[in-house]
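As a plain string of letters, each chain reads:
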Amino acid sequence: MTVYFIGAGPGDPELLTRKAERVIGECPVCIYAGSLVPEEVVGCAPEGALVMDSAAMTLDETHAAIRVAHEKGQDVARVHSGDPSLYGAIAEQIRRLRAEGIDYRIIPGVPAYAAAAAALGQELTVPEVAQSIVLTRVSMKSTSMPARETLENFALSGATLAIHLGVRAMREIERALIPHYGADCPVVVACRVGWPDELFIRGTLADIREKVRAEKITRTALILVGPVLGDIADFRESALYDPAHPHVLRPKATARR
């Protein structure tokens, strides 16, 4: 028996990987995070499968269901949103499985920041503009941040920030980032990426808070911050395809025409 932690992607059922779809279709037990994973994603579960929405369940309850499946020798598809390695709350589940000798595997999924970039039609790493992406979040009552993992510290790098779980902390984000990025730094708030009602709010650090308030967005949003999100037309092309730049698969440089 194996528990499969499966990344379902940000919401679009068609972003489910072929492996994820196959495994869900083979497991007689499926536990999915219904608050962030559409029911259509687990529609490929086999006929007669036990399908449970974990949105209202506790960790003890989901683990109890897994233990019952283990006793019956039934594989479990534990379906999470996005990629389970990012804020997937799988570490505490894995700790329990290891303690009881229950086998598990992880199947990656499309993370929200990648789906948001695709929907926006842009690359997040543009030469000499931005070459790093920081995936982070803000402190909440339920979970604080490590002391050195602050927005101010990340902002010192000037990297593109992908801030999860922070749409209710727009004032704090504005206060922490404007001194480093400037008030006119582009911001995109991506709401319910991959769902039929997805929404992208563009603005700057100076005005994004009011735009988010006007749309009444309070949850399920990703905040992208950085110069790369602006209208950049003048940037150096990557050397990857530069004929004058040799590399291991193109060892001989050619002259520009």
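Residues numbered from 1 in each chain as written. Predicted model: local features only at pLDDT ≥ 70, side-chain atom pairs only at ≥ 80, totals over all residues. Heavy atoms only, no water.

Colleague: Give a description of the environment of Ala20 that names residues and reports values.
Modeller: Structurally, the position occupied by Ala20 is in helix α1 (residues 18–24). The sequence separation of Ala20 and Val42 amounts to 22 residues, and the corresponding C-alpha distance is 9.9 Å. Among residues more than four places away in sequence, those in contact with Ala20 are Ile6, Gly7 and Ile107. (Helix = DSSP H or I, 4+ residues; strand = E, 2+ residues; numbered from the N terminus. Contact = heavy atoms within 4.5 Å.)

Colleague: Account for the packing of aromatic side chains, naming residues and giving values.
Modeller: The description of an aromatic ring pair rests on the distance of the ring centres and on the angle between the ring planes. Following the criterion strictly, the structure yields one aromatic pair and no others. Against the face of Trp195 rests Arg192, its NZ or CZ located 4.1 Å from the ring centre. (Phe/Tyr/Trp six-rings, centres within 6.5 Å; stacked < 30°, edge-to-face > 60°. Lys NZ or Arg CZ within 6 Å of the ring centre and 35° of its normal.)

Colleague: Report on the domain arrangement of the chain, specifying residues and quantitative values.
Modeller: When cut into domains, the chain gives domain 1 (3–107) and domain 2 (112–229). With ten residues of domain 1 in contact, the opposing surface of domain 2 contributes twelve residues. Of the roughly 840 Å² buried between domain 1 and domain 2, counting both surfaces, carbon and sulfur atoms make up 70%. Among the residues of domain 1 in contact with domain 2, Pro10, Leu86 and Tyr87 are the three that bury the most area, contributing 59% of the side total. Where domain 1 touches domain 2, the interface holds zero salt bridges. Where domain 1 touches domain 2, the interface holds three residue pairs in polar contact (both at pLDDT 80 or more). (Domains from an automatic or database assignment. Buried area = accessible area lost by both parts, 1.4 Å probe. Salt bridge = Lys/Arg side-chain N within 4 Å of Asp/Glu carboxyl O. Polar contact = N/O pair within 3.5 Å; in protein donor to acceptor, adjacent residues only side chain to side chain.)

Colleague: Any chance you could break down helix α6 (residues 170–181) for me, citing the residues and the numbers?
Modeller: If you check which residues of α6 are buried, you get Met170, Ile173, Glu174, Ala176, Leu177 and Tyr181. Summarising the contacts, the buried residues of α6 are in contact with α5 (151–155), β7 (160–164), β8 (186–191), α7 (208–214) and β10 (221–225). Two residues or fewer past α6, Gly182 is found with a positive phi of approximately 90 degrees. (Buried < 20%, exposed > 50% of the residue type's maximum accessible area, 1.4 Å probe, protein only.)

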